[in-house]
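What follows is each chain in one-letter form.
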Amino acid sequence: MPAKKSASKKSAAKVRLVAKPANKRGPARTRDSSPVAGAPESATVAQLISFAAERFAHAELWFGHGTDNAVDEAAELVFFAAGLRHDEADEVYGQVLKATQRTKALALIERRIRERVPAAYLTHRMWFCGHEFYVDERVLVPRSPIAELIEARFRPWIDPTKVRRILDIGTGSGCIAIASALAFPKAKVDAADISTDALAVTRKNIERHSLKDRMRAVQSDVFDGVPDERYDVIVSNPPYVGDEELAGLPEEYRREPVLGLHGGRDGLDIVHRILDQAAAHLQPNGILIVEVGNSEDALVAALPRMPFMWLEFERGGGGVFLLTREQLVAKS
Ligand SMILES: C[S@@+](CC[C@H](N)C(=O)[O-])C[C@H]1O[C@@H](n2cnc3c(N)ncnc32)[C@H](O)[C@@H]1O
């Protein structure tokens, strides 16, 4: 989601590039000419990335769906088109692209500019907690700062050795649920979403990560359809964008399912439902972790006595709170 979701440096970290920032405008173009006109004929990987980054900057694209700058976004498209791995970046920057690789990369770069589609919807891939996920326009592009909490196995907020059941509400691609299942090999994980379209993607990713034995993808309106279980951890990145913020979002966010973004007038419709019902689904000493992004202030204003613990992140992002079951019970 917007601003606070710029914590998507998981993949950016994989896309290291020391290319000269292209700060000169390319050849003059008319309004109708192709945005990739003037691409170098015989380009190395680094040169084509540099060219694309310059075009992206010129077109004033928005970054925030897995990368946070033009160079990383360009690198992901060029690497994808050329079938290169980001971990071999240093060795391949100087490689001259084959004609087929160049053509494929330019087609993606052109679509990124003309259609304002986040790169992940062009490549159908995104990394989260170091794992690769399939994505398409049925699900939000994974970028939640909750990744850092999963990597830390929710320490120090819970003893990881005691975690047996985890629930993810609003699972989308399944990134949070699946990364949690991979971080807790002994835990069973339920991935819930109201959207049948999103759940089709969740299931595809569960299968891809061979987690069918320990994971369930369940259709549920918040808690209404979740299994009758008590969870050690309930985690959620629900829709939390309010009316006003939604109206002002850059074009790239309009490619994402509105069901994944819009949380009602003040963004907090789903968040209040989670807060009202979570205690009944948590084990004693269980924890609830919810991302609310820019709606943090509105939530604090709405529930001034709720003892939210707002978590901090090394890679950026915020607006994520933690509450224990006992805190929720005390306030209900
Ligand atoms: C912000 S997206 C998060 C997706 C994923 N967890 C992530 O972090 O990338 C919110 C998700 O909540 C789902 N959702 C919206 N309303 C819901 C509801 N009432 N109950 C359950 N899920 C809901 C949407 O379909 C969407 O997949």
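Model, not experiment: these values are computed from the prediction.

### Thoughts on the pairing of strand E5 (residues 215-219)
Thought 1: For strand E4 (residues 188-193) and E5, the ladder comprises 5 bridges, and the chain directions are parallel. Of the residues in E5, the one forming a bridge with Ala191 is Ala217.
Thought 2: The β-α-β motif built from E4, the intervening helix H9 (residues 196-208) and the parallel element E5 has right-handed crossover chirality.

### Section: the site of the ligand
Thought 1: Around the ligand there are 25 residues in total, and Gly170, Gly172, Ile194, Asn237 and Gly260 lie nearest to it.
Thought 2: At the level of secondary structure, the elements contributing two or more residues to the shell around the ligand comprise helix H8 (175-183), E4 and helix H11 (258-261).

### Focus on the nonpolar core
Thought 1: One finds Ala52, Ala74 and Val78 to be the most contacted residues of the largest nonpolar core, which totals 90 residues.
Thought 2: The greatest single-element share of this core, amounting to 8 residues, is contributed by helix H3 (residues 70-82).
Thought 3: Two domains each donate at least three residues to this core, and these are domain 1 (3-123) and domain 2 (138-331).
Thought 4: With sequence-adjacent residues up to four places away left out, Ala52 is seen in contact with Ala74, Leu77, Val78 and Ile109.

### Points about the sheet that holds strand E9 (residues 320-324)
Thought 1: One open sheet accounts for 7 strands, arranged E5-E4-E3-E6-E7-E9-E8; its pairing is mixed. Looking along the sheet, the strands with just one partner apiece sit at the ends: E5 and strand E8 (309-310).
Thought 2: Here strand E7 (residues 282-291) runs beside E9; their pairing, made up of 5 bridges, is antiparallel. Residue pairing for E9: Val290 is matched across the bridge by Phe321.

### Comments concerning unusual backbone geometry
Excluding glycine, a negative phi dihedral is what most residues carry, and trans is how most peptide bonds are arranged.
Thought 1: Of the consecutive residues Arg155 and Pro156, the connecting peptide bond is found in the cis state with omega at 0°.
Thought 2: Position of Pro156 among the secondary structure elements: in the loop between helix H7 (146-151) and strand E3 (165-169).
Thought 3: Here Cys129, not a glycine, exhibits a phi torsion of approximately 55°, which is positive.
Thought 4: Positioned with a positive phi, Arg153 is a non-glycine residue whose angle comes to about 50°.
Thought 5: Within the fold, Arg153 resides in the loop between H7 and E3.
Thought 6: In this structure Arg153 comes out as partly exposed when scored by C-beta crowding, with 17 C-beta atoms within 10 Å.

### A word on helix H5 (residues 99-115)
Thought 1: Across its 17 residues, H5 extends 24 Å between first and last C-alpha, which sits within 8% of the 24 Å expected from 1.5 Å per residue.
Thought 2: Buried within H5 we find Arg102, Ala105, Leu106, Leu108, Ile109 and Arg112. Down the axis of H5, the sector holding all buried residues measures 165°, keeping them to one side. Exposed residues pointing more than 90 degrees away from the buried face of H5 are listed as Ala99, Thr100, Thr103 and Arg114.
Thought 3: Buried residues along H5 sit in contact with helix H2 (45-59), H3 and helix H6 (119-123).
Thought 4: At the C-terminal side of H5, Arg116 shows a positive phi close to 55°.

### Some details on the packing of H2 against H5
Thought 1: Relative orientation of the contacting elements H2 and H5 amounts to 15°, with a least axis distance of 10 Å. On the basis of the axis angle, H2 is roughly parallel to H5. Note on packing geometry: the crossing formed by H2 with H5 is right-handed. Residues Leu48, Ala52, Arg55, Phe56 and Ala59 of H2 touch H5, and the partners they reach there are Arg102, Ala105, Ile109 and Ile113.
Thought 2: When grouped by side-chain class, the residues that make up the contact of H2 with H5 number 7 nonpolar, no polar and 2 charged.

### Structural notes on the domain arrangement of the chain
Accessible area lost during the coming together of the parts is what is often quoted as the interface size.
Thought 1: Domain parsing of the chain yields domain 1 (3-123) and domain 2 (138-331).
Thought 2: Once you take the C-alpha centre of each, domain 1 and domain 2 turn out to be 31 Å apart.

### Comments concerning the packing of H2 against H3
Thought 1: It is at 8 Å that the axes of H2 and H3 come closest, and there the two elements cross at 130°. As far as their axial angle goes, H3 and H2 are oblique. Of the two possible hands of crossing, H2 and H3 adopt the one that is right-handed. On H3, the residues touching Val45, Leu48, Ile49, Ala52, Ala53, Phe56 and Ala57 of H2 are Ala70, Val71, Glu73, Ala74, Ala75, Leu77, Val78 and Ala82.

### Overview of the pairing of E4
Thought 1: Of all 6 residues in E4, 5 are buried; the element is thus mostly enclosed.
Thought 2: Sheet topology note: the E3/E4 ladder contains 5 bridges and is parallel. Looking at E4, one finds that Asp168 is bridged to Ala191.

### Thoughts on the environment of Glu110
Thought 1: Structurally, Glu110 is set in helix H5.
Thought 2: Considered as a pair, Glu110 and Arg55 are 55 residues apart in the sequence and their alpha carbons are 9.3 Å apart.
Thought 3: With residues near it in sequence (within four places) discarded, Glu110 still touches Ser34, Pro35 and Val36.

What counts and how
- Every chain begins its residue count from 1, and numbering advances along the sequence as written.
- Only residues with pLDDT of at least 70 get local features here, since the model is predicted, and only at 80 or more are side-chain atom pairs given and counted; chain-wide, interface and lining totals rely on the full set of residues.
- Strand pairing follows a simple DSSP-based rule, namely that at least 2 bridges must link the two strands.
- Each helix corresponds to a stretch of at least 4 residues labelled H or I by DSSP, and each strand to a stretch of at least 2 residues labelled E; elements are numbered beginning at the N terminus.
- Looking down the strands as they point away from you, a crossover is right-handed if its path from the first strand over the helix to the second goes clockwise.
- Nearness rests on one distance test: the residue's C-beta atom, set from the backbone, must lie within 6 Å of the molecule or strand.
- By definition, a nonpolar core groups buried Ala, Val, Leu, Ile, Met, Phe, Trp, Tyr and Cys residues that are joined through C-beta atoms within 7 Å.
- Three exposure classes are used, based on other C-beta atoms lying within 10 Å of a residue's own C-beta, which is placed from the backbone: buried for 20 or more, exposed for 12 or fewer, and partly exposed in between.
- What marks off one domain from the next here is an automatic or database domain assignment.
- Any pair of residues counts as being in contact when their C-beta atoms, constructed from backbone geometry, are within 7 Å of one another.
- Here the expected span of a helix is defined as 1.5 Å times the quantity of residues minus one.
- The arc in question is formed by the directions pointing from the helix axis toward the C-beta atoms.
- In this analysis, axes come from line fits to C-alpha atoms, helices being fitted only over the stretch in contact, and the angle between any two N-to-C directions falls in the range 0 to 180 degrees.
- Under this scheme an angle from 65 to 115 degrees is roughly perpendicular, one under 35 degrees roughly parallel, and one over 145 degrees roughly antiparallel; angles in between are oblique.
- Left-handed describes a crossing in which the near helix is turned anticlockwise from the far one by less than a right angle; the clockwise case is right-handed.
- Here the term charged refers only to Asp, Glu, Lys and Arg, the term nonpolar to Ala, Val, Leu, Ile, Met, Phe, Trp, Tyr, Cys and Pro, and the term polar to all other amino acids, Gly among them.

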